[in-house]
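Read off the chains here:
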Amino acid sequence: MIVVYVGSTEPYSGKTLTCTVLGIRWQRQGQQVGYMRPLGVMPTRIGEELVDEDAAFVARQLGLETAGRDLCPVLLSPDLCHIDPATARKRLEKSFAAASAGKEVMLLNGTGSLLTRGTAVGLDGVSVVKMLDAKAVLVTRCTSFLDGDSIIAAQRQLGDRLTGVILNRVTDSARQHVEEHVIPCLRDRGITIFGLLPEDTVLHSVTVREVAEATGAEVMCGGDGMDGLVENFVVGAMGVEGALRYFRRTTRKCVITGGDRSDIQLAALETPTECLILTGGMRPSHTVLARAQERNVPVLLVPQDTLSTVSVIDEMTGKLRVREPSKVEHALQHFERHVDLDLLDRTLGLKQ
Amino acid sequence: MLEHFFTPSSVAVIGASTNPEKVGHQVLANLLQGGFKGRLYPVNPRAEEILGLRVYPELTAIEEPVDLAVIVVPAVAVLGVVEQCAEKGIDSAIIISAGFKEAGPEGIERERRLAELARNRGVRIVGPNCLGIISTVAEKSGSALNASFAPGMPHYGNIALMSQSGALATALIDWSLQQNIGFSKFVSFGNGVDVGVVDLLRAWEEDEDTSVIVAYVEGLPDGPEFMRVAKRVSRKKPVIIIKSGSTQAGARAISSHTGSLAGSEQAYTAAFLQSGVIRAHSVEELFDFAVAFAYQGPPRGRQVAVVTNAGGPGIMATDALERAGLRLATISQETVERLREGLPPASNFYNPIDALGDADAERYRFAAEMALKDENVDAMLALLTPQSVTEPKQTAENLAAVAAATDKPVLASFMGGEAMAEAQRVLGANRVPNYPYPERAAAALSAMADYQQWLQEPEDEIRTIQVDGAVVEAVFAAARREGRVNLGETESREVLSAYGFKFPRNELARTPEEAAEIAQKIGFPVVMKIVSPDILHKSDIGGVRLGIQDAQQAQDVFELLMLRAKRFMPDADLQGVSVQQMVKGGREVIIGTSRDPQFGPVVMFGLGGIYVEVLKDVSFRVAPFGERHARKMIEEIRSAGLLWGARGEQPSDIDAIVDSLLAVSQLVTEHPDIVELDINPLKVAEAGGGAVAVDARITITETPPEDERARGRQDAS
């Protein structure tokens, strides 16, 4: 069995998505793929069980029936008790045995930076890799020369266990710099670069449906507009002419405004807008609603005021995660286009 | 046009009711009492006879042809009735019933289906949710028509009134009865699913009974078409419009009322100005103007004589006239001599002509007649206050006689209540507009003078320059491929260069060394600006540096600008720094455009810096416009004097500004997918020196114009 640890030197770099994409790819190649997250930090309740939200999502995407306890044996959060390293280690070994039984490839989903997160309980990435005899793939955001430092630091810790790096969310303007300076520097140190993933609109947007769920909104009209992708959030509190100006310049947006601001709502509907969030529980006039329906723009009604709505959204977009099955397929294509996955497979020693 | 609405020979009332409380009864009663002489068919399946007329169970039971259907059935039944109208061959229907767009989601859907049905079956519709139509005279049939549920029949007159609000219309009719103001036609078009402002303007353009068109409007669905038609009609007869929702709060009220974004106040003002429409700002003004135009012809010029029997009101009138943009006429020596002969020596023989408090009707007549005979006088404002020897009624009769004998407009302000009531009635009956205060008379007279000026102005000829449109389309297409709607500086330059704009030399630097190199090539001093599609307001984040003197400084500034941009906007995509030739001297002006929801592209002009930002000293026109309006835009701003050369400065190159305005007008007209455009600043040299655009920014729609148009068509349905 080949054990692959997908880790990073920072949080929110795309580890979970990479696990999902690799898992699906290998399953399609006919391999028995197992998955777990040794250390979870996002506890969520499924039924009576506490599980890591990301881990549960990946397991669902891969169609695994691994028990929640084994999917993520150690869950840490400020509200949960600390456990001692020996217990943690024992739990991990037991769950690993259960989750990997009968598998050909076992994916381990890292948490936070593999150099630090989990050190106190002995389950930091480097220790886990060694403990479970895994090979590591790093997924790291890269925008400047400085980002190379932590990759090299990881290499020092992991040695030969580091198989290579995927550079994620490289912006257009940073690309040239990364290609000319960062990659040669890493290659000189013998680090393999599997690929360079450009920033992707679909992956870093949220769907209107996700916005509606996060804000607990009542969907007044939706339809297939609910699948629309939102990249920008704009608060409409200005005069209508200013709003029109601003709204025209901002595409793929969600406009947050009061239910009584029909002028702002209509200005939003005149411009490239994916959805309207009306705050304060104030229902829009039916003429506005009719226009929204005509334009196929969902209208979401939330009881809280604009400020609290914005903070909910802020929290959601800060840790933007792929949660929609439709996005997973898109992500797979995105990886296939920009990452040398065959090289990755070969380096890991997967059967071809 | 729309003949069957105004001169039908037969009318069916569908939903006619036996119950006098019901609208279906009132409409029928109004038709009977309003003097309609054609055939009348009440339709109601549950009645035999209403108001002595035979009732038909349904529309199709009527054997004879029907010209006009008046529909008063509940909303749910309306579509079925319209369908029957089509089967019966009725091409005109007034839908009085409410329960459409104004009544919630179901109503909106119902109205959409009604529009579709009417269009497909060729039935013209007035309404729904309206008061109806009144025609006080119908030339062809010789009979009047009151197909409404208005509480009274207005008097005959030559003012045609259309109103988007039925409630306001009832108030206006009631008030007109009290004021003795008459109408030729009256239409309340309610939700305006089909017949609207533009159709009625067309219908009344050649209507011989109508000499003044008056409208209450909340919004205009097709701004450009309105302008085209209004421009033509207003050359034949005055069109006076009151447009509600001219404040932010008012516009918001309209938005939620109509479900469409209200056009901006500036766009309305410009559109009315460019199409010769006279704008009233209150209902009072609407009627003040309407009556003035209905009773008197416009003055040939702005020189006004004031005749009064009291000094104070005379001075007030003088102030009011000046403020309204009119001039106090200089009375000729000859007239003064004549006045001296007929008036007491203490009178004022110069304008305002004061015949003194003891003036009787005859003396007043003499003064008025002499004033009107004067060559220098274009119009007269006649004031009267009730003093002990004043003969109000006789004075009014004399004034009416004098007014009737001249083609110069005479407006009166017989001030007072009880004592003046009789005189005021005499003036009204003799078509001399009377106003309670001189200010209102002055405003009306000013509107007339403006209208006369409009009539005399030649059409604003729109000329276009040869351009390579393909360049523009290519730039837009490239941006859209990358999912951008905001064009970068380089792209905006390319677009504007195609329309003849000149820019300072510039190049993009990606490294400090490149910046120094380019600066050396261009020649110092240079300007450096951060380049990023994500940063629209470069100066807000300190992204612009002027007056860079040498290569070392250019390198430093490059790093400084990049650092600042990264600090303020960590997520911005930074492409580099633009190094530009520094344009020295010249006056900075701003040309901007924005797409108005109702009128399309509106072009703005102002002087750069505080003049636009702080003083809001700007002028607007709806594109396309010609040279005459381009020049007016420049003249209209309060700071225009700075361009003409104030305090010994050389005048700026006005012609270059005119050309720039015309080029922008052409650009945004030819490319309706430009939603915002800013040239800020355009540096204008001294006369003959031309103009250079220093910075420009363009925002386009997400989809190309064909798609936009397709979307527009969908909206209309």
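Since the structure is predicted, the reported quantities are computational estimates derived from the model, not experimental observations.

Caption draft 1: Broad picture of the overall build of chain A. Counting its regular elements, chain A contains 14 helices and 17 strands. For chain A, the C-alpha radius of gyration of 22 Å lies close to 20 Å, the compact-globule estimate for 352 residues. Principal-axis analysis of the C-alpha atoms places the extent of chain A at approximately 65 × 50 × 40 Å. With 352 residues in all, chain A has 46% of them scored as buried.

Caption draft 2: Geometry of the overall build of chain B. Regarding its fold elements, chain B presents 25 helices and 30 strands. Expressed as lengths along the three principal axes of its C-alpha atoms, the size of chain B is roughly 95 × 80 × 40 Å. In chain B, buried positions account for 51% of the 717 residues. For chain B, restricting intrachain contacts to residue pairs at least 6 apart in sequence, the fraction spanning at least 24 positions comes to 72%.

Caption draft 3: Region of interest: helix α12 (residues 333-342) of chain B. Residue and element names in this part refer to chain B. Among all positions in α12, only Thr-335, Arg-338 and Leu-339 are buried. Along the long axis of α12, the arc covered by the buried residues comes to 100°, so they all point the same way. For α12, the exposed residues set more than 90 degrees away from the buried face come down to Gln-333, Glu-337, Arg-340 and Glu-341. Those residues of α12 hidden inside the fold are in contact with β17 (353-354) and α13 (361-373).

Caption draft 4: The sheet that holds strand β11 (residues 182-188) of chain B, seen in detail. All names here are of chain B. The strand order across the open sheet formed by seven strands is β9-β8-β11-β10-β12-β13-β14, and the pairing between neighbours is mixed. Of all strands in the sheet, those with a lone pairing partner are β9 (145-148) and β14 (278-280), marking the two edges. Between one strand axis and the next, the sheet turns through 25° on average, direction left out of account. Each of β10 (155-163), β11, β12 (212-217) and β13 (239-243) is contacted by helix α6 (residues 197-205), which is oriented at about 170° to β12, the strand it contacts most.

Caption draft 5: Geometry of the domain arrangement of chain A. When its domains are assigned, chain A resolves into domain 1 (2-200 + 321-348) and domain 2 (206-318). Placing the centre of domain 1 of chain A and that of domain 2 of chain A at their C-alpha centroids yields a distance of 35 Å.

Caption draft 6: Layout of the nonpolar core. Counting 199 residues, the largest nonpolar core has Val70(B) and Met380(B) as the members making the most contacts within it. Setting aside its immediate chain neighbours within four residues, Val70(B) contacts Val11(B), Val13(B), Ile14(B), Val27(B), Ile94(B), Ile96(B), Gly132(B) and Ala147(B).

Caption draft 7: Molecular detail of the packing of α6(B) against helix α7 (residues 223-233) of chain B. Residue and element names in this part refer to chain B. The contact between α6 and α7 brings their axes to 10 Å, and the two run at 20°. Our classification of the angle between α6 and α7 gives roughly parallel. Judged by the twist between their axes, the crossing of α6 over α7 is left-handed. Together, Val-197, Val-198, Leu-201, Arg-202 and Glu-205 of α6 and Glu-225, Phe-226, Val-229, Ala-230 and Val-233 of α7 make up the contact between the two elements. When its residues are assigned to classes, the contact of α6 with α7 shows seven nonpolar, no polar and three charged.

Caption draft 8: Broad picture of the confidence of the model for chain B. Residue and element names in this part refer to chain B. This prediction gives chain B a mean pLDDT of 90; 97% of its residues lie at or above 70. Low pLDDT, under 50, characterises residues 709-717; the stretch is placed with two contacts to residues that sit more than four places away or in other chains. Complex prediction metrics read pTM 0.83 and ipTM 0.72.

Caption draft 9: Quick look at the interface of chain A and chain B. With 24 residues of chain A at the interface, the matching set in chain B holds 27 residues. When residues of the side of chain A that touches chain B are traced back to their parent elements, those giving at least two are α7 (172-188), α9 (240-249), α10 (262-270) and α11 (286-295) of chain A. Of the residues in the side of chain A that touches chain B, the class split is seven nonpolar, nine polar and eight charged.

Caption draft 10: Representation of the sheet that holds strand β22 (residues 526-531) of chain B within the structure. All names here are of chain B. Taken in spatial order, the four strands make up an open sheet running β21-β24-β22-β23, and their pairing is antiparallel. The open sheet is flanked by β21 (506-509) and β23 (544-548), the only strands paired with a single partner. Geometrically, the sheet is characterised by an average inter-axis angle of 25° between neighbouring strands, direction not taken into account. Sheet analysis places β22 next to β23, joined by three bridges and oriented antiparallel. Opposite Met-528, over in β23, you have Arg-545 as the bridge partner.

Caption draft 11: Seen up close, the pairing of strand β4 (residues 43-46) of chain A. Residue and element names in this part refer to chain A. In this structure, β4 lies alongside strand β5 (residues 49-52), joined through four bridges in antiparallel fashion. Residue pairing across strands places Ile-46 opposite Glu-49, the latter belonging to β5. Count of turn residues in the β4/β5 antiparallel hairpin: two residues, of which Gly-47 carries a positive phi of about 65°.

Caption draft 12: Representation of unusual backbone geometry. Residues Gly127(B) and Pro128(B) are joined by a peptide bond in cis, for which omega reads -5°. With respect to the helices and strands, the residue Pro128(B) is situated in the loop between β7 (124-126) and β8 (132-135). At the junction of Asn351(B) and Pro352(B), the peptide bond is cis and its omega measures out at -10° in the coordinates. Position of Pro352(B) among the secondary structure elements: in the loop between α12 and β17. You will see that Tyr12(A), though not glycine, has its phi angle at about 55°, which is positive. Looking at the element boundaries, Tyr12(A) is found in the loop between β1 (2-7) and α1 (15-28).

Caption draft 13: Molecular detail of the domain arrangement of chain B. Each assigned domain of chain B is listed with its residue range as follows: domain 1 (3-210), domain 2 (299-456), domain 3 (508-581) and domain 4 (587-712). For domain 1 of chain B and domain 3 of chain B, the distance between their C-alpha centres works out to 68 Å.

Caption draft 14: The arrangement of the pairing of β12(B) in detail. All names here are of chain B. Of all six residues in β12, six are buried, a share of seventy percent or more. Burial along β12 is two-sided: Val-212, Val-214 and Tyr-216 facing one way and Ile-213, Ala-215 and Val-217 facing the other are all buried. Here β10 runs beside β12; their pairing, made up of five bridges, is parallel. Bridged to Leu-161 within β12 is Val-214.

Caption draft 15: Inspection of the environment of Thr9(A) at higher detail. When you line up the elements, Thr9(A) lands in the loop between β1 and α1. Non-local contacts of Thr9(A), meaning those with residues more than four positions away in its chain, are made with Ser113(A), Leu114(A), Leu115(A), Leu138(A), Thr140(A), Ser150(A), Ile151(A) and Ala154(A).

Caption draft 16: Quick look at the environment of Met569(B). Of note, Met569(B) is situated in the loop between α20 (551-568) and β24 (576-581). Put simply, Met569(B) and Asp534(B) are 35 residues apart on the chain and 8.6 Å apart in space, counted from C-alpha to C-alpha.

Caption draft 17: Broad picture of the packing of helix α17 (residues 469-481) of chain B against helix α18 (residues 489-498) of chain B. All names here are of chain B. Two elements in contact, α17 and α18, have axes separated by 9 Å at closest approach and are oriented at 160°. The angle between α17 and α18 places the two elements in the roughly antiparallel class. Where α17 crosses over α18, the two elements pack in a sense that is left-handed. Within the contact between the two elements, α17 uses Val-471, Val-472, Val-475 and Ala-479 and α18 uses Glu-491, Glu-494, Val-495 and Ala-498.

Caption draft 18: Region of the structure containing the environment of Gln555(B). All names here are of chain B. On the secondary structure map, Gln-555 appears in helix α20. Since 20 C-beta atoms lie within 10 Å of it, Gln-555 is described here as buried. Expressed as a C-alpha distance, the spacing of Gln-555 and Ala-147, which sit 408 residues apart in the sequence, is 80 Å. Ignoring anything within four residues of it in the chain, the contact list for Gln-555 reads Pro-512, Glu-513, Ala-515 and Ala-516.

Criteria and cut-off values
Position numbers for residues count from 1 along each chain, tracking the sequence in the order it is written. Going through the entries in the order they are written, you letter the chains from A and number the ligands from 1. Only residues with pLDDT of at least 70 are given local features in this predicted model, and only at 80 or more are side-chain atom pairs given and counted; all residues enter the totals for whole chains, interfaces and linings. Counting from the N terminus, the helices are the DSSP runs of H or I reaching at least four residues and the strands are the DSSP runs of E reaching at least two. Here the radius of gyration uses the C-alpha set of atoms, whereas the globule reference equals 2.2 Å times the residue count to the power 0.38. Partly exposed residues are those falling between the two cut-offs: more than 12 but fewer than 20 other C-beta atoms within 10 Å of their own, whereas 20 or more means buried and 12 or fewer means exposed, with C-beta atoms placed from the backbone. A pair of residues counts as a contact when their C-beta atoms, built from backbone coordinates, are separated by no more than 7 Å. Throughout, the arc means that of the directions going from the helix axis to the C-beta atoms. The rule for pairing is simple: two strands pair if DSSP sees at least two bridges between them. Lines fitted to the C-alpha atoms define the axes, with helices restricted to the stretch that makes contact. Angles between their N-to-C directions range from 0 to 180 degrees. Start and end positions for the domains come from either an automated domain assignment or a database one. Think of a nonpolar core as buried Ala, Val, Leu, Ile, Met, Phe, Trp, Tyr and Cys residues chained together by C-beta atoms that fall within 7 Å. Should an angle fall under 35 degrees it is called roughly parallel, over 145 degrees roughly antiparallel, and 65 to 115 degrees roughly perpendicular, with every other angle called oblique. Handedness of each helix crossing follows the sense of rotation of the near helix against the far helix: counterclockwise by less than a right angle gives left-handed, clockwise gives right-handed. Here the nonpolar group is Ala, Val, Leu, Ile, Met, Phe, Trp, Tyr, Cys and Pro; Asp, Glu, Lys and Arg are the charged ones; every other residue, Gly included, is treated as polar. Confidence scores labelled pLDDT are given residue by residue by the predictor and lie between 0 and 100.

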